[in-house]
Amino acid sequence: MPTANTVLSNCYTPLPAQEKGKQVKEKKQYINPTSRSSGVEKNHRNAKSIRHVCIDRHVLSNSTGSSLVELGHTKILCSVHGPRPFNSAQTNDASVTSGVLSCQVRFAQKFGQHSEIENMTHAKNLDGYSSSFSNISSQKREVELSSRLHDAIAPSLPLELLMKNVVEVFVMILQDDGSILPASVVAASLALADAGVEVYDLVSAFSVAVIPRSLCVETKDDEDNAGVTTFDNGQYSLLADPTSTEILSAEGVVTMGMMKNWKEVVFWYQTGSIPPNIVSEAGELCKEGCTAMHNFMRQSLTSFPDISN
Amino acid sequence: MEDSLEIFRAIDPEDYLKKFTNANTRPDSRAHHATRQTNVQTSILTQNSYGSSLVTIGNTKVITAITLQVGTPSPLTPSHGEIDVTVNFSPLCGGQYNTAGRVVHDDYEHRSVAANAYADPQSLQSFVKRTIISSNMIDLKQLCIFEGKAAWKIEVSCIVVNHDGNVVDAFLLGAVSALMDLTLPQVKMNKVDGQEIVELVASDEDVLKPKNSMVGGKKLDFQKLVVPLTIGFFGGKMLVDPTLEEESLCEGMITVVVDGNSLSKDDGVLTGDILNLSKSGMNKCSLEEIAACSQLAFGRAKELEAILKP
């Protein structure tokens, strides 16, 4: 522990700034499934609903295609460059004749991730938070997110048509408040479509968190409670589009990506141990979420973009 | 016809620009002394940062957010806090940058010396930080939490979201507007296990509340209103607020930073304090030209006063 003597010229020895009662507070917080944050003040949502969604495309003039996706406080910018010819750094393999999709995900430096969350130690999944708080862990998370994003997007691209060209997808997470993986997939897919890259279909993705019943508190007087009882299976509650607090309390998270018009699942990622019947229920909820996201994406594509940007 | 113009532009960008400047106009039909449409939007990121802004100058967009740290001040300045600035480029701002923010595919290979200095992230970062600190726009004593024991370190991070020239102005305006948006949370000192710890006083448990509307937070006082203006020199002409295309061809650049609070009319001529003036590049320019530049900067300060001040 640094003491007050260890000071540099006018630099700081970081002191721990802590929220009140942090030491005793359990990391797993109680979640109220009937009154969750929606990203808009005074507007609470229930277990099945999505946060306030904002989807826009063609927001950056220097990129071939770009998109902005907001799910409540989760804010993501995506840009697509290309298709353009390989350069030697990307591949030296002359035998590659098809196209290459390169996906990179980065957190905005310093403010992309929640600073306190970097200290969280118990997390276990991608949309949760990795186990140590060094800078390396955030890099590892970026690398993993990048490869997951690639997995989710690649099935929607006919890469053989791009012959020796590379499409570069870059995702910048401006603000992380849970569900960043599905939001990145949505942003990347939309930006690819905005760039005019040929795709089979838009990939929409959605996350569902599985919360143990023991961590749920319920408001009895809430009339919208009906939505919760549907998922009442004794042990677990399902929460659509979880925020970062909800993910930290979750037993597991299921993320699914779909090409809705083809009625095909292109991506499935599950963390935590969840009983099979709950998994299939979560899958159903994901499917509904994907359909909703797909509609938002289609709306944004068919509406005429603001050319002045 | 359209195509042949584009080809001309690609093959001989310098001649292309000259054709415009000789006719006293510019490729985007601006007058030489005109800046692009400038907009400032604050509080765009409220979750992890305590103040944020989006600055738009034409097609150039910069997002700035402020994060806070608590530290022990140095014994020499026990009641002073600290400000740090970082700037980041990414592939978002254009295809020429890679994920580490370095220029890889350069469409503007024939960049002049001046333009190079204005494209290097590290020198930009140093310039922005130095300008903000040396301008004394904020009394660093405001960042004191407990004299000699704890003070705030303000970390200003700027990311370029779209690069279309003149990012210096966008960085400075972004940093200034984010600092104006900044609310320092209420804190108290506490002793835990014999160690003194700074605690945030949580206003209530409502997670919905954006951080910068925190109850009891403190806004900073500003002694100065920092307003920058960058002017490029091309073929003996001054191009105010150059775009990326113009910037890469300019022989010289000058950035004038003025104090918008000090403006006064003297014999019908706007004057005020100059906080920073830096000229770079290979061209020579006369004192009259520099005076003209600062005159333009005062005009810019007058124009931006309404946008920056809440």
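Thresholds applied
Residues numbered from 1 in each chain as written. Chains lettered and ligands numbered in written order. Predicted model: local features only at pLDDT ≥ 70, side-chain atom pairs only at ≥ 80, totals over all residues. Heavy atoms only, no water. pLDDT = per-residue confidence, 0-100. Helix = DSSP H or I, 4+ residues; strand = E, 2+ residues; numbered from the N terminus. Contact = heavy atoms within 4.5 Å. Pairing = 2+ DSSP bridges. Axes fitted to C-alpha atoms, helices over the stretch in contact; angles between N-to-C directions. Disulfide = S-S within 2.5 Å. UniProt positions renumbered as here; feature names shortened; annotations may be inferred. Salt bridge = Lys/Arg side-chain N within 4 Å of Asp/Glu carboxyl O. Buried < 20%, exposed > 50% of the residue type's maximum accessible area, 1.4 Å probe, protein only.

It is worth spelling out the confidence of the model for chain A at this point. Residue and element names in this part refer to chain A. Looking at chain A as a whole, the pLDDT averages 77, with 70% of positions reaching at least 70. In the model of chain A, helix α3 (residues 226-229) stands out as the element of lowest mean pLDDT, 43, in contrast to helix α2 (residues 180-194), which has the highest, 94. In the predicted structure, residues 221-232 sits below a pLDDT of 50 and forms 15 contacts with residues beyond four places in sequence or in another chain.

Residues and elements named next belong to chain A. Pairing is mixed in the open sheet, where 5 strands are placed in the order β2-β3-β4-β6-β5. On the outer flanks of this sheet lie β2 (53-57) and β5 (100-107), each paired with one strand and no other. Mean inter-strand twist for the sheet, computed between neighbouring axes without regard to direction, equals 15 degrees. With 9 bridges joining them, strand β4 (residues 74-85) and strand β6 (residues 165-175) adopt antiparallel strand pairing. Residue P85 lies in a different strand from β6, and its bridge partner there is N165.

So, about the sheet that holds strand β12 (residues 237-240) of chain B. Residues and elements named next belong to chain B. Within the open sheet, the 4 strands sit side by side as β12-β11-β13-β16. Their pairing is antiparallel. Whereas interior strands pair on both sides, the edge strands pair on one side only; in this sheet they are β12 and β16 (274-281). If you compare each strand with its neighbour and ignore which way they point, the axes differ by 20 degrees on average. Strand contacts of helix α5 (residues 167-181): β11 (226-234) and β13 (252-259), with the helix running at about 180 degrees to β11, the strand carrying the most contacts.

Turning to the state of the cysteines, a few remarks are in order. Scanning the model with the defined rule gives 0 disulfides over all chains in all. The thiol of C54 of chain A is unpaired, and the distance to the nearest cysteine sulfur, on C78 of chain A, comes to 15 Å.

As annotated in UniProt, the feature "domain: Exoribonuclease phosphorolytic" (unreviewed entry) corresponds to residues 36-185 and 225-298 of chain B in the numbering used here. Across residues 225-298 of chain B one finds 22% helix and 47% strand; the C-alpha atoms that close the span lie 12 Å apart.

Counted by the stated rule, this structure contains 20 salt bridges over all chains. As a salt-bridge pair, E168 of chain A and R84 of chain A come within 2.5 Å of each other at their nearest N and O atoms. Residue E168 of chain A is found in strand β6, and its partner R84 of chain A is found in strand β4; the two are separated by 84 residues along the sequence. For the pair E168 of chain A and R84 of chain A, one class covers both residues: buried. R26 of chain B is the partner of E246 of chain B in a salt bridge, and the nearest nitrogen-oxygen pair spans 2.9 Å. In this pair, E246 of chain B is assigned in helix α6 (residues 244-247) and R26 of chain B in the loop between α2 (13-22) and β1 (38-42), connecting sequence segments 220 residues apart. On the accessibility criterion, E246 of chain B (1% relative accessible area) is buried. Residue classification places R26 of chain B among the buried positions, given a relative accessible area of 0%.

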